[in-house]
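Spelled out, the chains give:
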Amino acid sequence: MAVLLACPLLTACTPPNAGVTGMTLDAQGRPTAVVAWCPGKAPDTIIISDVDDGDLDSDRTIILEAPGKFPGRTIQVPVTDPPAGWRATPPSPSLDPNLVYSAYAPVTGSDYTARGPRFSLARLRGNGQILQQEYDEKTDRDVDIYIGMDELVRRANEYC
């Protein structure tokens, strides 16, 4: 009986998707969050957190806050070198090559988010290859896939 009660509670705690977040390496080799979202549901923050910790107050969590809602329908933000005007916590973000992180882009003040993959630095690729995860029925787990920007946008549009 406890299991039946726990499932709805877990589902209710997860905000609905209004887009997707992926991870890649930009032309300079920097880890970069790539976000695509539904019209009217533009995020304004990117959160990278250590999956073993999961505490937003942790010194291993990176919070990148834009000066306003993200413009357009897609954005690419180098995690360790955010654009001018962005606020980073901690001020000089870095990623530990020995940790696994998760990435997502919430819409502040709403229930929407753009969930992304679990990743380590070693699993990131450049040349427009964006890391996402997809459920594999054969192995009963999420597996890494690499997609382009067009596919990331298509996946985001599935939530609109």
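Residues numbered from 1 in each chain as written. Predicted model: local features only at pLDDT ≥ 70, side-chain atom pairs only at ≥ 80, totals over all residues. Heavy atoms only, no water.

## Points about the environment of Ala88
Part 1: Here Ala88 lies in strand β6 (residues 87-89).
Part 2: By relative accessible area, which is 14% here, Ala88 ends up buried.
Part 3: Separated by 23 residues in the primary sequence, Ala88 and Glu65 place their C-alpha atoms 6.4 Å from one another.
Part 4: With near-sequence residues (within four places) excluded, Ala88 lies in contact with Ile63, Leu64, Pro82 and Pro93. (Helix = DSSP H or I, 4+ residues; strand = E, 2+ residues; numbered from the N terminus. Buried < 20%, exposed > 50% of the residue type's maximum accessible area, 1.4 Å probe, protein only. Contact = heavy atoms within 4.5 Å.)

## Observations concerning empty space enclosed by the protein
Part 1: Scanning all chains against the criterion turns up one cavity of 30 Å³ or more.
Part 2: Of the voids in this model, the largest cavity is the one considered here, and its volume is about 30 Å³.
Part 3: Along its surface, the largest cavity is lined by Ala36, Trp37, Arg73, Thr74, Val153, Ala156 and Asn157.
Part 4: Elements supplying a minimum of two residues to the lining of the largest cavity: β2 (31-37) and α2 (149-157).
Part 5: Top contributing element to the lining of the largest cavity by residue count: α2, with three residues.
Part 6: Tallied by class, the residues present in the lining of the largest cavity amount to four nonpolar, two polar and one charged. (1 Å grid on protein atoms, 1.4 Å probe; cavity = no way out; pocket = protein on both sides within 12 Å on 5 of 7 lines; lining within 4 Å. Points joined across faces, edges and corners; volume = space filled by probe spheres on them. Nonpolar A, V, L, I, M, F, W, Y, C, P; charged D, E, K, R; others polar.)

## What about α2?
Part 1: Among the residues of α2, Leu152, Arg155 and Ala156 are the ones counted as buried. End-on, the buried residues of α2 take up no more than an arc of 100 degrees, which puts them together on one face.
Part 2: Contact partners of the buried residues in α2: β1 (17-25), β2, β9 (130-136) and β10 (141-147). (Arc of directions from axis to C-beta.)

## Brief notes about unusual backbone geometry
Part 1: Each neighbour pair has its own omega, and for Thr89 with Pro90 the value is 0 degrees, a cis peptide bond.
Part 2: Here Pro90 shows up in the loop between β6 and β7 (101-106).
Part 3: Backbone geometry places Asn127, a non-glycine residue, at a positive phi of 55 degrees.
Part 4: Checked against the element boundaries, Asn127 lands in the loop between β8 (113-119) and β9.
Part 5: In this model, Asp140 sits at a positive phi of 60 degrees, which is unusual for a non-glycine residue.

## Topic: the packing of aromatic side chains
Part 1: Taken as a whole and assessed by the stated rule, the structure comprises three aromatic pairs.
Part 2: For Arg125, the ring lying beneath its charged end belongs to Tyr146, and the centroid distance is 3.6 Å. (Phe/Tyr/Trp six-rings, centres within 6.5 Å; stacked < 30°, edge-to-face > 60°. Lys NZ or Arg CZ within 6 Å of the ring centre and 35° of its normal.)

## What to know about the environment of Arg115
Part 1: Here Arg115 shows up in strand β8.
Part 2: The spatial distance from the C-alpha of Arg115 to the C-alpha of Ile46 is 10.0 Å, given a sequence separation of 69 residues.

## What about the environment of Thr113?
Part 1: Mapped onto the elements of the fold, Thr113 is located in strand β8.
Part 2: In this structure the C-alpha to C-alpha distance between Thr113 and Thr45, which are 68 residues apart in sequence, comes to 9.7 Å.
Part 3: Setting aside residues no more than four positions away along its own chain, Thr113 makes contact with Pro15, Pro16, Asn17, Ala18, Gly19, Tyr104, Ala105 and Pro106.

## Here's the deal with the pattern of salt bridges
Part 1: Per the stated rule, a full pass over the model turns up nine salt bridges.
Part 2: Between Arg30 and Asp81 there is a salt bridge, with the nearest N and O atoms lying 2.7 Å from each other. Of the two residues, Arg30 is situated in the loop between β1 and β2 and Asp81 in the loop between β5 (74-78) and β6; the sequence distance between them amounts to 51 residues. (Salt bridge = Lys/Arg side-chain N within 4 Å of Asp/Glu carboxyl O.)

## Re the layout of surface pockets
Part 1: By volume, the largest pocket is sized at about 350 Å³.
Part 2: Lining the largest pocket are 15 residues, with Arg115, Gly116, Gln132, Gln133 and Asp142 positioned closest to its centre.
Part 3: At the level of elements, β1, β8 and β9 are the ones that each hand at least two residues to the lining of the largest pocket.
Part 4: In terms of residue class, the lining of the largest pocket is made up of four nonpolar, five polar and six charged.

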